[in-house]
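Commentary on secondary and tertiary structure
Take a look at the letters that make up each chain.
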Amino acid sequence: MTETQRITKAVIPAAGLGTRFLPATKAMPKEMLPVVDKPAIQYVVAEAAKAGLSDVLMITGRSKRALEDHFDRVPSLEKVLADKGDDEKLRLIQEATELGEIHYVRQGDPRGLGHAVLRAKRHVGDDPFAVLLGDDLIDERDELLSEMIRVQQETGGSVIALMEVDPSQVGSYGCADVTPVDGQDYVKVNRLVEKPKPEEAPSNLAVIGRYVLHPSVFEVLERTEPGRGDEVQLTDALQELASSEEIGGGVHAVVFRGRRYDTGDKLSYIQAVISLASERHDIGDRLVPWLKEFVADLDR
Ligand code: G1P
């Protein structure tokens, strides 16, 4: 049952209202919040491009025009920088326009992540495809998506990414019950629960925002009723795929042990900015000593 279609398409849901960052996101998409000096969404598109996914579909909504502008060329700005001979800045602004072919479709009614992914059905067609959630940034030095694509090609089904979290945190994530697969570095997913209560959580393995999905997920999503939060949950559709291999070849998971940064709420966003800035060659060696002093002063 192994399928070997090359995976080239990535879907990036970006229609969320960003209410956790109000008022910053009143007139600006949350995906445009800078992580050091690049909008969060650019890290995600770059990660997709690095894994060979050069066809990106963003699911957007109202007030998301800045996303399209960011990935488009700005000839007047390019000319000013070229005339000044500022090649470094020219390279920086061109980076975003050279990551691949980006398409946009609006979600319309925001009825949950599952509903957003379903909007990609026509664009994706019958091949497996990736979904990347913009709130999760994966360190570019760690492999995840390319691993997941390899596992998808090997198993022919769908592949999710899991990460061990503190049991008290499980209620913020999809949570998985898994069993090892003999001789393999991936696991089989038996059951998934969206944002379980601690006593109902099947494990402390949390679903993180990277998926490589069998296209049969669309027919399942079409009949998936709203679940938690009265929203159509991608996790619920994947639970159905995990429970019956006949529809889409089952669900497997890669357990990620690398560096993940969460930009989804205020505190974790600030932590992500500080972690990434500390490692930047242009400012890290000035930021880290300052940070140490700052923290020492707090303790005094
Ligand atoms: C979504 C998914 C959840 C997953 C999480 C990863 O939730 O529904 O299963 O664990 O992303 O970030 P959200 O964070 O959008 O509420």
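For the structure itself, consult the block above.
Here's a quick rundown of the structure. Every chain begins its residue count from 1, and numbering advances along the sequence as written. Only residues with pLDDT of at least 70 are given local features in this predicted model, and only at 80 or more are side-chain atom pairs given and counted; all residues enter the totals for whole chains, interfaces and linings. Think of the side-chain values as coming from all heavy atoms in the structure, minus any hydrogens and water.

The subject of this paragraph is the overall build of the chain. Each helix corresponds to a stretch of at least 4 residues labelled H or I by DSSP, and each strand to a stretch of at least 2 residues labelled E; elements are numbered beginning at the N terminus. The secondary structure content of the chain amounts to 12 helices and 13 strands. What the globule rule says is 2.2 Å times the number of residues to the power 0.38, and the radius of gyration is computed from C-alpha atoms. Its C-alpha radius of gyration of 20 Å places the chain within 12% of the 19 Å reference for a compact globule of 300 residues. Any pair of residues with heavy atoms lying within 4.5 Å of one another is described as a contacting pair. Looking at the chain alone, contacts between residues at least 24 apart form 76% of all its contacts between residues at least 6 apart. Split by element, the accessible area of the chain, about 15500 Å² in all, is 50% carbon and sulfur. The positive count covers Lys and Arg only, the negative count covers Asp and Glu only, and His and the chain ends enter neither. Charge placement uses NZ in Lys and CZ in Arg. For Asp and Glu, CG and CD serve respectively. Computing the positive centroid from 37 side-chain charges and the negative centroid from 52, the chain places the two 5 Å apart. In this description, accessible areas are obtained by the Shrake-Rupley approach with a 1.4 Å probe, and a residue is regarded as covered only by the protein chains that are shown.

Side chains Phe129 and Val131 of strand 6 (residues 129–132) all project onto a buried face; the interleaved residues Ala130 and Leu132 project onto the opposite face, where all are buried too. Two strands pair under a simple rule: DSSP has to find at least two bridges between them. Of the strand pairs in this sheet, strand 1 (residues 9–13) and strand 6 are connected by two bridges, and their pairing is parallel. By the bridge assignment for strand 6, alanine 10 is matched with alanine 130. In the sheet, strand 6 pairs with strand 11 (residues 205–213) via four bridges, with the strands oriented antiparallel. In the sheet register, leucine 132 faces strand 11, and the bridge partner there is arginine 210. Think of it in three bands: residues with accessible area under 20% of the maximum for their type are buried, residues over 50% are exposed, and the middle band is partly exposed, with areas taken using a 1.4 Å probe on protein chains only.

Any aromatic ring pair is given by two values, namely how distant the centres are and how the planes are angled relative to each other. The criterion for an aromatic pair is that two Phe, Tyr or Trp rings (for Trp, the six-membered ring) have centres within 6.5 Å, with stacked assigned to planes under 30 degrees apart, edge-to-face to planes over 60 apart and tilted to the rest. In total, this model carries three aromatic pairs according to the counting rule given. On the numbers, 5.5 Å between centres and 80° between planes, the contact of phenylalanine 21 with tyrosine 269 is edge-to-face. A residue pair is termed long-range when its members are at least 10 positions apart, and phenylalanine 21 in the loop between strand 1 and strand 2 (34–35) and tyrosine 269 in helix 11 (residues 266–278) qualify at 248 residues. Of the two residues examined, phenylalanine 21 and tyrosine 269, each falls in the buried class. The lysine or arginine in question, lysine 38, covers the ring of tyrosine 43, its NZ or CZ lying 4.8 Å from the ring centre. The criterion for a charge sitting over a ring is simple: Lys NZ or Arg CZ within 6 Å of the ring centre, and within 35 degrees of the ring normal.

In a structure, side chains of opposite charge can pair up when their charged atoms sit close to one another. Should a side-chain nitrogen of Lys or Arg be within 4 Å of a carboxyl oxygen of Asp or Glu, the pair is scored as a salt bridge. One pass over the structure, following the stated rule, counts 24 salt bridges. Aspartate 86 serves as the salt-bridge partner of lysine 89, at 3.4 Å between the closest nitrogen and oxygen. Classification of lysine 89 by relative accessible area gives partly exposed; the value is 47%. Residue arginine 280 is joined to aspartate 282 by a salt bridge in which the shortest nitrogen-to-oxygen separation is 2.9 Å. Several salt bridges converge on common partners, so that one network encompasses Asp139, Arg141, Asp142, Arg259 and Glu279.

All we've got here are geometric facts, nothing functional implied.
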